[in-house]
Amino acid sequence: MPLRYRQMEGKDVRGCVEIVAANPILKARYGPAISELESTWLRLLGSAAFTAVVFEEFGTGGHRLVGAGISAFVSDAFVREMKT
């Protein structure tokens, strides 16, 4: 199964959120906030503080999304606000 990665695009976000929602550990980590994950990632795409890649399985039959890697840089003030 050959894999490749590339920058996440808007068209990938829904599939990536579905992958997160299908994973019991990640789904529990996000809790009810998972319903806002798609709109949040779409809003952050293109931001210098947000890096997102997708991993795809590919072959002669096309390609299939299998995962994503996300990183974001936030300020200390933002983290404090989210914790309270």
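All figures in this text were calculated on a predicted structure; none of them were measured in a lab. (Residues numbered from 1 in each chain as written. Predicted model: local features only at pLDDT ≥ 70, side-chain atom pairs only at ≥ 80, totals over all residues. Heavy atoms only, no water.)

## Let's talk about the packing of aromatic side chains
How two aromatic rings sit relative to each other is set out by the distance from centre to centre and by the angle between their planes. Note the following rule: Any two of the Phe, Tyr and Trp rings considered here, Trp counted by its six-membered ring, make a pair once their centres fall within 6.5 Å; the pair's planes then place it as stacked at under 30 degrees, edge-to-face at over 60, or tilted in between. A positively charged side chain is recorded as over a ring if its NZ (Lys) or CZ (Arg) lies within 6 Å of the ring centre. The angle to the ring normal must also be within 35 degrees.
In the structure shown here, the tally under the stated rule is one aromatic pair. A cation sits over an aromatic face here: arginine 4 above phenylalanine 58, 4.8 Å from the ring centre.

## As for the packing of helix 1 (residues 13–22) against helix 3 (residues 37–44)
In plain terms, the rule: As a rule, the C-alpha atoms of each element are fitted with a line to give its axis, helices using only the stretch in contact, and angles between N-to-C directions run from 0 to 180 degrees. Helix numbers and strand numbers start at the N terminus; a helix is a DSSP run of H or I with at least 4 residues, a strand a run of E with at least 2. These descriptions rest on fixed angle ranges, namely under 35 degrees for roughly parallel, over 145 for roughly antiparallel, 65 to 115 for roughly perpendicular, and the rest for oblique. By convention the crossing between two helices is left-handed if the near helix lies anticlockwise of the far one by an angle smaller than a right angle, and right-handed if it lies clockwise. Here, residues are in contact when the closest pair of their heavy atoms is within 4.5 Å. Residues are grouped as follows: nonpolar covers Ala, Val, Leu, Ile, Met, Phe, Trp, Tyr, Cys and Pro; charged covers Asp, Glu, Lys and Arg; every other residue, Gly included, is treated as polar.
Between helix 1 and helix 3, the least distance of the axes is 9 Å, while the angle of their chain directions is 135 degrees. As the angle between them shows, helix 1 and helix 3 are arranged oblique. As for the relative orientation of helix 1 and helix 3, their crossing is right-handed in sense. Seen from helix 1, the contacting residues are Val13, Arg14, Cys16, Val17 and Val20; seen from helix 3, they are Leu37, Glu38, Trp41 and Leu42. Looking at the contact of helix 1 with helix 3, its residues break down into seven nonpolar, no polar and two charged.

## Notes on the side chain of aspartate 12
With respect to the helices and strands, aspartate 12 occurs in the loop between strand 1 (3–7) and helix 1. Aspartate 12 has contacts with Arg6, Gln7, Val54 and Leu65, leaving out every residue within four places of it along the chain.

## Side note on the sheet that holds strand 3 (residues 62–72)
To be explicit about the condition: Whether two strands pair depends on DSSP finding at least two bridges between them.
In space, the three strands of this open sheet follow the order 1-2-3, with antiparallel pairing throughout. The open sheet has two free edges, formed respectively by strand 1 and strand 3, since each of these has just one partner strand. In this sheet, adjacent strand axes meet at a mean angle of 25 degrees when their direction is disregarded. Strand direction decides the pairing type here: strand 1 and strand 2 (residues 50–59), joined by five bridges, are antiparallel. Residue leucine 3 lies in a different strand from strand 2, and its bridge partner there is glutamate 57. Running over the sheet, helix 1 touches strand 2 and strand 3 and is turned about 80 degrees from strand 3.

## A word on the confidence of the model for the chain
To keep things clear, this is the line we draw: Summary of the metric used: pLDDT quantifies the predictor's per-residue confidence within the range 0 to 100.
Model confidence for the chain is summarised by a mean pLDDT of 92, while 100% of its residues fall at 70 or above. Within the chain, the element-level pLDDT minimum falls on helix 4 (residues 76–83), averaging 87, and the maximum on helix 1, averaging 96.

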